[in-house]
Amino acid sequence: MSEVTQPQLGLLGWLRWMWRQLTSMRTALLLLLLLAIAAVPGSTFPQRSINATRTAQWIADHPTAGKVLDRLGFFEVYASPWFAAIYLLLFVSLVGCVLPRAKVHWKALRTRPPRAPKHPDRLGAAHVVTVDGSPDQVLEQWRAALRRSRFRVDSHDESSVSAEKGYLKETGNLLFHLALIGIIVGVGWGHVFGWKGDVILPEGKTFANTISRYDTFAPGPSVDVNDLTPWTVTLTRLDAVFEDDPAVKGQLGMPRDFTAHVDYARDPGGAATLETIKVNHPLETTDGTVFLLGNGYAPHITVRDATGTVIYSDATPFLAQDNNYKSVGAVKVPGATPKDLGFAGLFLPTGTITSHGPTSIFPQPLDPYLALTVFEGELFPDGAPQSVYSLDTSHLTQLTQEGTSDPLRLWIKKGQTMELPGGRGSITFDGVDRWAGLSIRTDPGKSLTLAAALLALAGLIAMLTVRRRRVFVRVSEAQPGPDGSPRTLVRVGGLAKDDDEGMGEVLTDLAERVHPRTSTGPSAARPKDRRTTDE
Amino acid sequence: MSDLALAQLSMASLYSAMGVLTLAMLAYAAHLAWLLPARSEAKDLKAAQAAHAAERQRELAPVGGGPTAGGEHPAYEVGDASTEAHDEEPLRARKAAGIAGALSILGTLLLTAAVVLRGLEVHRMPLGNMFEFAITGAMFVMLAYTGWSLRRDLRWLGVFITGPVLITLGMAVTVWYVDAAELMPSLKSYWLVIHVTIATIAMALFGIGAAINGLYLWQDRVEGGTTRSFMNRLPAARQLEKLAYGLHVIAFPLWTFTVIAGAIWARQAWGSYWNWDPKEVWSFVIWVVYAAYLHARVTSGWRRQNAAMIALAGFACIIVNYGIVNVFFVGQHSYSGL
Ligand code: HEM
């Protein structure tokens, strides 16, 4: 028999050993420290999920290190296998540690405090006193006092009381650790069933919550992207306030307030309500929450052909590059003749030309300009998707100033029209709208995460502040008083978990309450005192 | 009063606080220096150590000793104050400590006035930038220290509190100073008040805890040795360790709350409660490190000294989070524009 079972037992024993190692406090501690260290690179290296452009730039700037670090997951630390390995091991360890503890605690909650020792006064904190009254009376007084102090009270024999309190400490500990698991579940739930999308919406335009209307959309693995509720928002106006008091040093042009005024309709075509979306004030819709996370300008541009026919007329969003909203963008006119026309360049809300070229000196549209260069040729050579803010110039040629090889530069003030050379028509800068950068997100796990986090906090406070304490009282008959009345020798001892400086005080308080007059009498814990009262 | 007058008054108050706290620090330092036995005879040293041991004995003894505790002591001396040590204390050391205590209360009041005036000047909680954060944090440290001093003899700690506080204030007025300004839109939220106030209080307590833990590790090395040092007059290592733990036990839930409140606010402002923005990463790291400290303290086989080191590492992370991440890292917490 041993031939067969021995190796099996070995494997089982080995597994059991592994499990015990994993669920030990030591391992938990090391994993915690490891988790802290592993989280750091995510703050020192750009992260792809947060800023893909900066990440790509970093890798381009450091070709060798970039490639190696990318392979190792340093640009996606919190989604990397090694980061996951640490926290998953931690949580396996957590479960393996907490569940058995919960079972023990469940039993402890329903068992009586243990039998009082023969000499309770030999415990760490003690109190010995001789008082009036029979042992039974005195014991009853102590019972009442302990109950009032919310001890759980029990007796294993006639002459003693055992009391215990502070069960909440362990309850708090278990609650805290289990709630940590709740947080992980909530976060995971949100990732799997949540989605988020971004859209740039110029003033006057309407957005409907369907996948095709999003500029970017990132669904969790279990999201049915065709099942979005098609509510709509129309951006009626975007207010932007910037510091315009030059007396405030260093703050001129700093953002002060952004408010998007929208018409929100639960159903397309249904009744709309007026709503505002601000930075700390998102709009809750029937499916997703709408956050105002960006804004910018959408200059209204009209392009006409040689005959004066409008071939392009639209508010075209430009992306802000700095605090004064120097913005880049492109206008694509595929219907132009003889070839597609493309304009690329800058929008400047308060434009000026410096030695470094066109720039903006204030974020508000006080004196708006467009600074554009012009291309012609094929705008969408292979039909591949491209950015709306720049031109794919691979099949385009740049127009030059007539008779020179200098590129043609258009500097157009708001309201102006510029003729394009060679009978290509004209471009007009009609006016300026703003756009709102809206981010729409759902996170079905967030309530669970929040609830778990608050439970963890409650458990933490209980575990760190509640003290587990045991008090034992033993009484015996003492020599009767001069008038023959019964007297009782009381020996009280206290036992606390960990180093608990307050235990002595608790005993003194209790003793004072039970025996108000005698409490100033001899105190225990001083061997010489004890000898005088002990017979 | 105009905002400009408030600003001037606030700065005047701040500089006065720094002057007064500098004097307090010097007086605390003098206190410690004069505690050293004046003559270097071994006899004196023995006496000092005996007194120290007696003091410790008293602190460890259960309460309720009453009149038997030390026969000849006048009644008003009975309590936390370690009377034996006082008798041994050179008069000038005691005087220095008295002056230091009064000065630190005055300095704390001036610092509080500076913070309140700054708040009135900017019409909000003064927690909108590094400068305001630093002076408010320093204020909480001083409030905690002076408040706690009323209940406990903490004169030995004074120099280790006022020193770092002065460094912080010095950094605030030189490197981090910015004129009063309105907040950027993302900071306009009552969550700023909740989140940042609690964070600052937690950091203040972690800071005092770190100072005491540092002293603990130091005391632990020199304790029982024969080197003559003012450390002989500080509480025993075991005592220091417990004091530090007590502070961490308060600060850790506060920090936990800070992280939760920050997540709620992040969801309001940025659309997602956790973005692994550098500031969030470091708040998380700090939380995990302090959790490890609390764990280490109850892990059998782990020395208290190592646990204390973890706590100190936690405070190092706080310094990184505040001094480095705020200034040099790119993240949402530092975005200008929108
Ligand atoms: C997710 C990471 C964890 C965190 C943040 C954490 C945090 C904490 C904290 C703050 C304490 C309080 C210590 C004190 O009373 O001073 C504690 C206690 C405790 N933890 Fe954890 N813990 C984690 C994981 C674990 C794991 C994996 C285990 C099991 C191996 C574990 C077992 C315990 C036990 C048994 C105690 C109680 C110690 C006692 O008071 O006797 N914890 N934990």
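These numbers come from a predicted model, not from an experiment. (Residues numbered from 1 in each chain as written. Chains lettered and ligands numbered in written order. Predicted model: local features only at pLDDT ≥ 70, side-chain atom pairs only at ≥ 80, totals over all residues. Heavy atoms only, no water.)

J.: How would you explain the overall build of chain A if you had to name every residue and give the values?
T.: Of regular secondary structure, chain A possesses 11 helices and 24 strands. The C-alpha atoms of chain A give 38 Å as radius of gyration, which overshoots the globular expectation for 535 residues (24 Å, by more than 25%). In terms of overall dimensions, chain A has a C-alpha envelope of 130 × 75 × 50 Å along the principal axes. Sorting the 535 residues of chain A into buried and exposed places 46% on the buried side. Carbon and sulfur atoms make up 57% of the accessible area of chain A, which amounts to about 27,300 Å² in all. Within chain A, the 55 negative side-chain charges are centred at a point lying 12 Å from the centre of the 55 positive side-chain charges. (Helix = DSSP H or I, 4+ residues; strand = E, 2+ residues; numbered from the N terminus. Rg over C-alpha atoms; globule rule 2.2 N^0.38 Å. Buried < 20%, exposed > 50% of the residue type's maximum accessible area, 1.4 Å probe, protein only. Areas by Shrake-Rupley, 256 points an atom, 1.4 Å probe, with all protein chains shown as cover. Lys, Arg positive; Asp, Glu negative; His and termini not counted. Charge placed at Lys NZ, Arg CZ, Asp CG, Glu CD.)

J.: Could you give an account of the coordination of the iron atom of the ligand, naming the residues involved and the relevant values?
T.: Only His177(A) (NE2) and His295(B) (NE2) from the protein coordinate the iron atom of the ligand, and they sit 1.9 to 2.0 Å from it. Given 6 donor atoms and angles of 85 to 178° at the metal, the environment of the iron atom of the ligand is assigned as octahedral. Of this pair, His177(A) sits in helix H8 (residues 167-193) while His295(B) sits in helix H9 (residues 278-298), each in a different chain. There is no split in this pair, since His177(A) and His295(B) are both buried. (Donors = N, O, S within 2.8 Å, 3.2 Å for Na, K, Ca; no water. Tetrahedral: all angles 85-135°; square planar, octahedral: opposite > 155°, others 65-115°.)

J.: With reference to specific residues and values, describe the interface of chain B and chain A.
T.: The interface of chain B with chain A comprises 64 residues on the first partner and 59 residues on the second. For the pair chain B and chain A, the summed buried surface comes to about 5,100 Å²; carbon and sulfur atoms form 66% of the total. Across the chain B-chain A interface, the total number found is 1 salt bridge. With a shortest N-O distance of 3.3 Å, Glu284(A) and Arg267(B) are connected by a salt bridge. Within the residue set of the side of chain B that touches chain A, elements represented by two or more residues are helix H8 (237-270), H9 and helix H10 (304-328) of chain B. Of all the elements, H8(B) adds the most residues to the side of chain B that touches chain A, at 16 residues. Looking at the side of chain B that touches chain A residue by residue, the class counts come to 38 nonpolar, 17 polar and 9 charged. (Contact = heavy atoms within 4.5 Å. Buried area = accessible area lost by both parts, 1.4 Å probe. Salt bridge = Lys/Arg side-chain N within 4 Å of Asp/Glu carboxyl O. Nonpolar A, V, L, I, M, F, W, Y, C, P; charged D, E, K, R; others polar.)

J.: Break down the site of the ligand for me, with residues and values.
T.: Taken together, 23 residues surround the ligand, and among them Cys97(A), Arg101(A), Asn173(A), His177(A) and His295(B) come closest. More than one chain lines the surroundings of the ligand; the residues nearby belong to chains A and B. A distance of 2.8 Å is found between a nitrogen atom of the ligand and a side-chain nitrogen or oxygen belonging to His177(A). Within the side chain of Tyr245(B), a nitrogen or oxygen atom sits 3.2 Å from an oxygen atom of the ligand. Taken together, the elements giving at least two residues each to the shell around the ligand come down to helix H2 (25-39), helix H6 (81-109), H8 and helix H9 (446-465) of chain A together with H8 and H9 of chain B. By residue class, the composition of the shell around the ligand is 16 nonpolar, 6 polar and 1 charged. (Near = heavy atom within 4 Å. Polar contact = N/O pair within 3.5 Å; in protein donor to acceptor, adjacent residues only side chain to side chain.)

J.: So, the domain arrangement of chain A: which residues are in play, and what are the values?
T.: By the assigned domains, chain A splits into domain 1 (10-107), domain 2 (114-165 + 467-527), domain 3 (173-193 + 445-460) and domain 4 (195-442). Each of domain 2 of chain A and domain 4 of chain A has a C-alpha centre, and these two points are 80 Å apart. (Domains from an automatic or database assignment.)

J.: For the sheet that holds strand S9 (residues 272-278) of chain A, give the residues involved together with the corresponding values.
T.: All names here are of chain A. One open sheet holds the 4 strands; their spatial order is S5-S7-S8-S9, and the pairing between them is antiparallel. In this open sheet, the two strands that pair with only one neighbour each are strand S5 (206-208) and S9. The average undirected angle you get between the axes of adjacent strands in this sheet is 30°. The sheet contact formed by strand S8 (residues 255-265) and S9 spans 7 bridges and is antiparallel. Residue His261 lies in a different strand from S9, and its bridge partner there is Thr276. (Pairing = 2+ DSSP bridges. Axes fitted to C-alpha atoms, helices over the stretch in contact; angles between N-to-C directions.)

J.: Give me the pattern of salt bridges: which residues, what numbers.
T.: All names here are of chain A. Tallied over the full model, the rule gives 22 salt bridges over all chains. Across the pair Glu164 and Arg468 runs a salt bridge, and its minimum N-O distance is 3.0 Å. Here Arg468 lies in the loop between H9 and strand S23 (469-478) and Glu164 lies in strand S3 (residues 160-165), a separation of 304 residues in the sequence. Judged on exposure class, the residue Glu164 and its partner Arg468 are both buried.

J.: Could you give an account of the nonpolar core, naming the residues involved and the relevant values?
T.: Residues Leu14(B), Trp156(B), Leu157(B), Ile161(B), Leu169(B) and Trp255(B) are the most contacted members of the largest nonpolar core, which totals 115 residues. Of the domains in this structure, domain 1 (10-107) and domain 3 (173-193 + 445-460) of chain A are the two that each give at least three residues to this core. Here Leu169(B) is in contact with Leu14(B), Met18(B), Leu21(B), Leu111(B), Ile135(B) and Ala138(B), once residues within four sequence places are set aside. Listed in part, the 48 residues of the second largest apolar core include Tyr264(A), Leu283(A), Tyr325(A) and Ile427(A). (Core = buried A, V, L, I, M, F, W, Y, C linked by side-chain atoms within 4.5 Å.)

J.: Lay out the confidence of the model for chain A in plain terms, naming residues and giving numbers.
T.: Residue and element names in this part refer to chain A. With 94% of its residues at a pLDDT of 70 or more, chain A shows a mean pLDDT of 86. Mean pLDDT across the secondary structure elements of chain A bottoms out at helix H11 (residues 527-533), with 34, and peaks at H9, with 95. Confidence drops under a pLDDT of 50 for residues 1-5, and excluding neighbours within four residues, the segment shows 1 contact in the predicted structure. Taken together, the stretch residues 519-535 has pLDDT below 50 and engages in 26 contacts with residues farther than four places along the chain or on a different chain. (pLDDT = per-residue confidence, 0-100.)

J.: I'd like a description of unusual backbone geometry, backed by residues and values.
T.: For residues besides glycine, phi is generally negative; the peptide bonds are generally trans as well. Residues other than glycine seldom take positive phi values, yet Tyr325(A) does so here, at roughly 60°. Exposure remark for Tyr325(A): the relative accessible area of 4% places this residue in the buried category. Positive phi outside glycine occurs at Trp276(B), with the angle close to 55°. Looking at the element boundaries, Trp276(B) is found in the loop between H8 and H9.

J.: Provide a residue-level description of the environment of Ala29(B), including the pertinent values.
T.: Residues and elements named next belong to chain B. In this structure, Ala29 sits in helix H1 (residues 3-35). Since its relative accessible area comes to 33%, Ala29 is described here as partly exposed. Spatially, the C-alpha atoms of Ala29 and Trp156 are 8.9 Å apart, while their sequence positions differ by 127 residues.

J.: Residue-level account of the side chain of Thr299(B), with values.
T.: Assignment of secondary structure puts Thr299(B) in the loop between H9 and H10. Take Thr299(B): its relative accessible area is 3%, and that puts it in the buried class. Not counting the four nearest positions on each side in its chain, Thr299(B) is found in contact with Met25(A), Arg26(A) and Leu29(A).

J.: So, a nonpolar patch on the surface: which residues are in play, and what are the values?
T.: Residues Leu11(A), Leu12(A), Trp14(A), Leu15(A), Trp17(A) and Met18(A) make up a contiguous nonpolar surface patch of roughly 640 Å² in combined accessible area. With a relative accessible area of 39%, Met18(A) lands in the partly exposed category. (Patch = residues over 30% accessible without salt bridge, like charges linked within 9 Å, V, L, I, M, F, W, Y side chains within 5 Å.)

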